[in-house]
Every structure is written in C-alpha cells, then in structure tokens.
Amino acid sequence: MRVYQALAFIAIAAAPVAAMADNLNLSSGTATYSVTGPVSGTAAVITSPNAAWTASISGAQWIGPNANSGYTNLPNGGYVYTTMFTLTSTSDLSGSFASDNSASAVLTGSTISGSDLLGANTYADSYTTVTPFSAILGPGTYTLSFDVENGSGLPTGPGTDGNSDAGPTGLLVGATTVTAAATPEPSSLALLGTGILGAAGIARRRLFSR
C-alpha cells in the first residue's frame, strides 16, 4: 500500500501547478460597460430592443446609453462602450458583437503595443448579424472597447439625409476569456517518470525478498 501511496505522491508533485482561473464573462448585460459620447454614463440594459435588431447572442443583452435606447432618437456620433478586465495567466478571448449602427471592436492592454482592432461591421449588417472576434492574451490589464456610430452612415452632414442626426442606438456583446490549458514541462515529466521507475523497483525488490 505504501508503494501506491508513494506513486500517487510523486504524480501529484510532478504535475504542473494549475494557474489561477481567468474564466471571465464580458458579455453585455453581465459585465459593466461605461459609455462615452453625445450621451455618457454607465451603459444600461435596453428594456425593449428595437424590432429591427434581429441579431442575438446567447447569454447577452442589448445595452445602450439608457434603457430606452431601442426606440429613442439619440444624437448622432460615436458612442464608445468600454469594459476593463485583468488576466493573471495566458487566456483565450473570444466573442461576437452586433450594434446599431456600425461598430469596431478594439483591445488595448499592458502586454500589447498600442491597440488591436479585433473586428468591425458595416451599416448594412450591423444589427442583423453578429461579428466574431478573438485574441490570445498574456497576463495584464486590458480594455475592451466598441466604437458604435449612431446615424445612417451616409456621407452627408446632420439633417440632410433624414437619419444622420438622431436615431436609436445599442450594442450587443457576447464574450468570455478562458485560461489556456497548462502543458507539463519536460522536467516535470522526467521527474514523474523517474519517480515511477524508482517506486516500481522498490516494489519489485520487496516482492522477491518475501
């Protein structure tokens, strides 16, 4: 019995130490997003999303500058939604988003240089389809931002196309981080193998000494 206990101890000692889990839910409606733009503050879950917003993401809710953004005419311009998160180990970030109107997803952080564009959609499909994004991140503090443009997107000034100076606006984000699986180091595997062989040798000697 002691031999088996020794084997178990060696296996535990040689196994890689599990990193602190960084499994975060960054989805809208769960994570806190701030919004800056013509209307600023803490983004709110929209109680009645616009009927034209047919894009959906499991576990996520539409958010906007206020809870009535789905049917309220808000000033045109850029609305930047931001959430911050910290990773203690290498993690996979993945998700998707939809918006009214076009948007770009940008990631900034201490372990990347400047900012990375994760994805962008267009006025034609911004709130009817979802745009995926992903990144592999090391330890550090990151800012995930979505720059949503409110307006028709036509190359004309406010008030000249009937839709460029006001309209509903919102953002839908489904995103998570998952800690990357740890890979045993060669030295750990060698230690495990040596320990098992040694314990097997002890067991063999005890067997033949009886």
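The preceding data block contains the structure.
Residues numbered from 1 in each chain as written. Predicted model: local features only at pLDDT ≥ 70, side-chain atom pairs only at ≥ 80, totals over all residues. Heavy atoms only, no water.

Participant: Kindly report on the overall build of the protein, identifying the contributing residues and their values.
Facilitator: Of the regular secondary structure elements, the protein holds two helices and 14 strands. Long-range pairs, those at least 24 residues apart, make up 74% of the contacts in the protein between residues at least 6 apart in sequence. (Helix = DSSP H or I, 4+ residues; strand = E, 2+ residues; numbered from the N terminus. Contact = heavy atoms within 4.5 Å.)

Participant: Tell me what's going on with the pairing of strand β7 (residues 77–87), and back it up with residues and numbers.
Facilitator: Where strand β2 (residues 34–36) lies against β7, three bridges are found, and the strand directions are antiparallel. Opposite V35, over in β7, you have Y81 as the bridge partner. In this structure, β7 lies alongside strand β12 (residues 140–150), joined through 11 bridges in antiparallel fashion. In the sheet register, T83 faces β12, and the bridge partner there is L144. (Pairing = 2+ DSSP bridges.)

Participant: Mind laying out the sheet that holds strand β9 (residues 103–109), listing which residues take part and the relevant values?
Facilitator: Read across the sheet, six strands follow the order β3-β2-β7-β12-β9-β10 without closing on themselves; strand pairing throughout is antiparallel. Where the open sheet ends on each side, the last strands, each with one partner, are β3 (41–42) and β10 (115–120).

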